[in-house]
Amino acid sequence: MITGQLKSQIDQIWNTFWTGGITNTITIVEQLTYLIFIKDLDETETRNERMAKRLNKEFNPIFGSDQQNFRWKNLKEMDVNARHAIFSNSVDGIFPFIRSLGSKKSLFSTYMSGATFGISKPAVLDQVMEKLERIDMTNQDTKGDIYEYLLSKLEGGGTAGQFRTPRHIIKLMVELMQPTLEDVICDPSIGTAGFLVAAKEYIDKHNDVTQLDKYRDHINKTMFNGTEFDATMLRIASMNLYLHGVEEPNIIDVDAVSKDNEISNAHTLILANPPFTGKIDKASIAPSLVNVTNTTKTELLFLALMLRQLKTGGRAAVIVPDGVMFGSGKAHKSIRQEIVENNKLEAVISMPSGVFKPYTGVSTAIMIFTKTGSGGTDNVWFYDMQADGKSLDDKRNLLVDEELFNDFSFAEDLTLGKLAELAKAHNNFNLPQVLDHFRYLKSEYFGKMHDKRGELLHLHDLPSNLGFDKFLDGTCTHNFADRTSQSFLVPFKEIKDNAWDLSINRYKDIVYEEVEYDEPKIILERIKKLGEERGELMNKMGNSL
């Protein structure tokens, strides 16, 4: 998590771009990332040189003898204009050098092919490099934190139905799915790679160095996958993963739902927030997706794509607009039926409509399902999230303590003690309970305390044997059959009988509070008195003129 001095230093760099006439957010992030990458190349070269010298071994240098001017340590010592000329030189400068790096030297050079220099003023480049030089980026986490902060400035800026996912929602989804070292993880609408980076952070925090080293090749080359057809996002996603320690992310430049994407039965975990309300030319859609849901709506096609790309037993957590859950069209019903009847739908977490504000007020939900190909849906867990920690208007102000909120979004590990502390703010922050209830429902303790419908059983046993010390207060004793609560179960048959409707409002019982009003005579007397007071005030105002 970026705080204090480091945050201030990045903000200063950001202001340098603005005052230098570069105000486009994506351009600033791109240019800053190139500079960080160039700095990182030199640091890698320096480490390799030291190690080769210490071990008396040869190594393959990144920079040739005629490319030493491209090293950060030499660039920063140059004259301002001479340095800018090297960056601006489109034939023999540093950007052609970056684009020409082979895979053995630059592990994501493929994605840098469209990289161009965009800082026209030598003084701006000089100031930015000077400020970057003051930041100690030797720690991989620091680089990742910086990049995360830069990307947060893009948060929510949606185009063509694409809305970047808030960090705390990403964190919730990753914690719900608990990725492992054996997983092959994909985001078919990768954007800035926020989900994959969060999954990488989760894996780093839950495995020791020995385990991580054992899976190093898998982590670097096959664990993290995605598709994207926006060239800028392709580069940003690749650099984001690189700076978080994934050397060769497997990101493919393709329209995910088109015929050109032939990936199937490849992944064990999908985390995604595919575009809302987008449409695609019908002729270009992959036939295998149309066979599941005959539509041009991307939010439906992406669900069919995920079923195709998952291996049997693979899991998915995906954000969908509410319309997917209750739409009455044939395409809507067919994709819901496919997920519920032929696979295993585990959870529907309804989110409040302001989560993606100020960019869109559309209501959304998180669907969690497992690909089985043979059914398996029993009872679906519904959670009615009413508060995500921020106001639901365009301002999205924090409603809970900032440190507490960041503790959830960036915590090393969400232990029971940490969740208990966070759960104190439940009225404004439901995410800790969402996570705790899901973990409980997936645990062996649920079957001890509840029947399949979620009704609470009456048992005489030690609390520790029933999981009371493993979950938040109230979770083990919650009645998951109570449709008036935020958290309840709905059986498969009821969903089928409702035409596969997955809208939480279809199943939640609304509790109406009785309100007693005064008798009309008393209300009229009150209005009459207010009228007299108003008249007196009007007379006073008139006399004072």
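Residues numbered from 1 in each chain as written. Predicted model: local features only at pLDDT ≥ 70, side-chain atom pairs only at ≥ 80, totals over all residues. Heavy atoms only, no water.

(A) Structural view of the overall build of the protein chain. Assigned secondary structure in the protein chain consists of 23 helices and nine strands. Considering only C-alpha atoms, the protein chain reaches an extent of 95 × 80 × 55 Å along its principal axes. The buried share of the protein chain, taken over its 545 residues, is 51%. Across the protein chain, every contact between residues at least 6 apart in sequence was considered, and the portion connecting residues at least 24 apart equals 73%. When the accessible surface of the protein chain is split by element, carbon and sulfur atoms take 48% of a total near 25,900 Å². When the 63 basic and 76 acidic side-chain charges of the protein chain are each reduced to a single mean position, those positions are 3 Å apart. (Helix = DSSP H or I, 4+ residues; strand = E, 2+ residues; numbered from the N terminus. Buried < 20%, exposed > 50% of the residue type's maximum accessible area, 1.4 Å probe, protein only. Contact = heavy atoms within 4.5 Å. Areas by Shrake-Rupley, 256 points an atom, 1.4 Å probe, with all protein chains shown as cover. Lys, Arg positive; Asp, Glu negative; His and termini not counted. Charge placed at Lys NZ, Arg CZ, Asp CG, Glu CD.)

(B) Region of the structure containing the packing of aromatic side chains. As enumerated under the stated definition, the model contains 18 aromatic pairs in all. Considering the side-chain rings of Phe87 and Phe117, the 5.1 Å spacing of their centres and the 35° angle between planes classify their relative orientation as tilted. Of this pair, Phe87 sits in helix 4 (residues 80–88) while Phe117 sits in the loop between helix 5 (94–100) and helix 6 (122–133); the two residues are 30 residues apart in sequence, bridging distant segments of the chain. The exposure class of Phe87 is buried, given its relative accessible area of 1%. Residues Phe408 and Phe429 carry aromatic rings whose centres are separated by 5.5 Å and whose planes lie at 85° to one another, so their mutual orientation is edge-to-face. Here Phe408, found in helix 17 (residues 402–410), pairs with Phe429, found in the loop between helix 18 (416–423) and helix 19 (431–442); they are 21 residues apart in sequence, far enough to count as distant. Each member of the pair Phe408 and Phe429 is classed as buried. Here the aromatic residues Tyr440, Tyr445, Phe446, Phe471 and Phe480 are joined through ring pairs into a cluster of three or more. (Phe/Tyr/Trp six-rings, centres within 6.5 Å; stacked < 30°, edge-to-face > 60°.)

(C) The arrangement of helix 23 (residues 520–544) in detail. If you check helix 23, its first and last C-alpha atoms are 36 Å apart, about what 25 residues at 1.5 Å a residue would give, namely 36 Å. With zero of 25 residues buried, helix 23 lies mostly on the surface of the structure. (Expected span 1.5 Å × (residues − 1).)

(D) Summary view of the side chain of Ser443. Along the chain, Ser443 falls in the loop between helix 19 and helix 20 (446–449). A distance of 2.7 Å separates a polar atom in the side chain of Ser443 from the backbone oxygen of Tyr440. Within the structure, Ser443 has its side chain in polar contact with the backbone nitrogen of Tyr445 (distance 3.2 Å). (Polar contact = N/O pair within 3.5 Å; in protein donor to acceptor, adjacent residues only side chain to side chain.)

(E) Here's a closer look at the pattern of salt bridges. All chains considered together, the criterion is met by 23 salt bridges. With a shortest N-O distance of 2.8 Å, Arg134 and Glu130 are connected by a salt bridge. Note on Glu130: relative accessible area 41%, which makes it partly exposed. Taken together, the shared-partner salt bridges in this structure form one network comprising Asp42, Glu49 and Arg71. (Salt bridge = Lys/Arg side-chain N within 4 Å of Asp/Glu carboxyl O.)

(F) Geometry of the packing of helix 18 against helix 19. Across the interface, helix 18 lies against helix 19 with an axial gap of 9 Å and an inter-helix angle of 135°. Taken together, the axis directions place helix 18 and helix 19 in an arrangement best described as oblique. Counting all contacts with helix 18, which are made through Leu416, Leu419, Leu422 and Ala423, the residues of helix 19 involved are Pro432, Leu435, Asp436 and Arg439. Per-class residue counts for the contact of helix 18 with helix 19 are six nonpolar, no polar and two charged. (Axes fitted to C-alpha atoms, helices over the stretch in contact; angles between N-to-C directions. Parallel < 35°, antiparallel > 145°, perpendicular 65-115°, else oblique. Nonpolar A, V, L, I, M, F, W, Y, C, P; charged D, E, K, R; others polar.)

(G) Structural view of a negative patch on the surface. The grouping of Asp401, Glu402, Glu403 and Glu421 at the surface amounts to a negative patch. Assignment of secondary structure puts Glu421 in helix 18. (Patch = residues over 30% accessible without salt bridge, like charges linked within 9 Å, V, L, I, M, F, W, Y side chains within 5 Å.)

(H) Spatial organisation of helix 16 (residues 330–342). With 13 residues, helix 16 should cover 18 Å at 1.5 Å per step; its first-to-last C-alpha distance of 17 Å lies within 8% of that length. The elements touched by buried residues of helix 16 are helix 14 (298–309), helix 15 (322–326), strand 6 (344–351), strand 7 (364–370) and helix 21 (492–497).

(I) Focus on the sheet that holds strand 9 (residues 487–491). The mixed open sheet is built from nine strands, whose spatial order is 3-2-1-4-5-7-6-8-9. Unpaired on one side and paired on the other, strand 3 (250–253) and strand 9 mark the two borders of the sheet. Ignoring which end each strand starts from, the neighbouring axes of this sheet average 15° apart. Two elements, strand 8 (residues 379–384) and strand 9, share five bridges in a ladder whose sense is antiparallel. Each residue of the ladder has a partner; that of Asn379, found in strand 9, is Pro491. Strands strand 4 (267–272), strand 5 (310–321), strand 6 and strand 7 of the sheet are contacted by helix 8 (residues 167–177), whose axis makes an angle of about 155° with strand 5. Packed onto the sheet, helix 19 meets strand 6, strand 7, strand 8 and strand 9 and runs at close to 165° relative to strand 8. (Pairing = 2+ DSSP bridges.)

(J) Summary view of a nonpolar patch on the surface. On the surface, a cluster of nonpolar side chains totalling about 550 Å² of accessible area is made up of Val515, Tyr517, Ile523, Leu524 and Ile527. Here Val515 lies in the loop between helix 22 (504–507) and helix 23.

(K) Structural view of unusual backbone geometry. Residues other than glycine seldom take positive phi values, yet Gln178 does so here, at roughly 50°. Looking at the element boundaries, Gln178 is found in the loop between helix 8 and strand 1 (185–187). According to the relative accessible area criterion, Gln178 is partly exposed, its value standing at 36%. In this model, Asn265 sits at a positive phi of 45°, which is unusual for a non-glycine residue.

(L) Layout of the environment of Gln433. Note on placement: Gln433 falls in helix 19. Exposure remark for Gln433: the relative accessible area of 22% places this residue in the partly exposed category. With sequence-adjacent residues up to four places away left out, Gln433 is seen in contact with Tyr383, His426, Leu472 and Gln486. Among the polar contacts made by the side chain of Gln433, one reaches the side chain of Tyr383 at a distance of 2.5 Å.

(M) Focus on the environment of Thr27. By the secondary structure assignment, Thr27 is in helix 2 (residues 25–55). Taking relative accessible area as the criterion, Thr27 reaches 26% and is therefore assigned partly exposed. Sequence separation of Thr27 and Glu403 is 376 residues, and the distance between their C-alpha atoms is 30 Å.

(N) View of the packing of helix 2 against helix 6. Put simply, helix 2 and helix 6 touch, their axes get as near as 11 Å, and they point 55° apart. Between helix 2 and helix 6, the angle is such that the two are oblique. Every pair of crossing elements has a handedness; the one defined by helix 2 and helix 6 is right-handed. Contacts from Leu32, Leu35, Ile36 and Lys39 in helix 2 reach Leu125, Val128, Leu132 and Glu133 in helix 6. Across the contact of helix 2 with helix 6, the residue classes break down as six nonpolar, no polar and two charged. (Left-handed = near helix turned anticlockwise from the far one by under 90°.)

In short, the description is geometric, and any link to function would need to be established separately.
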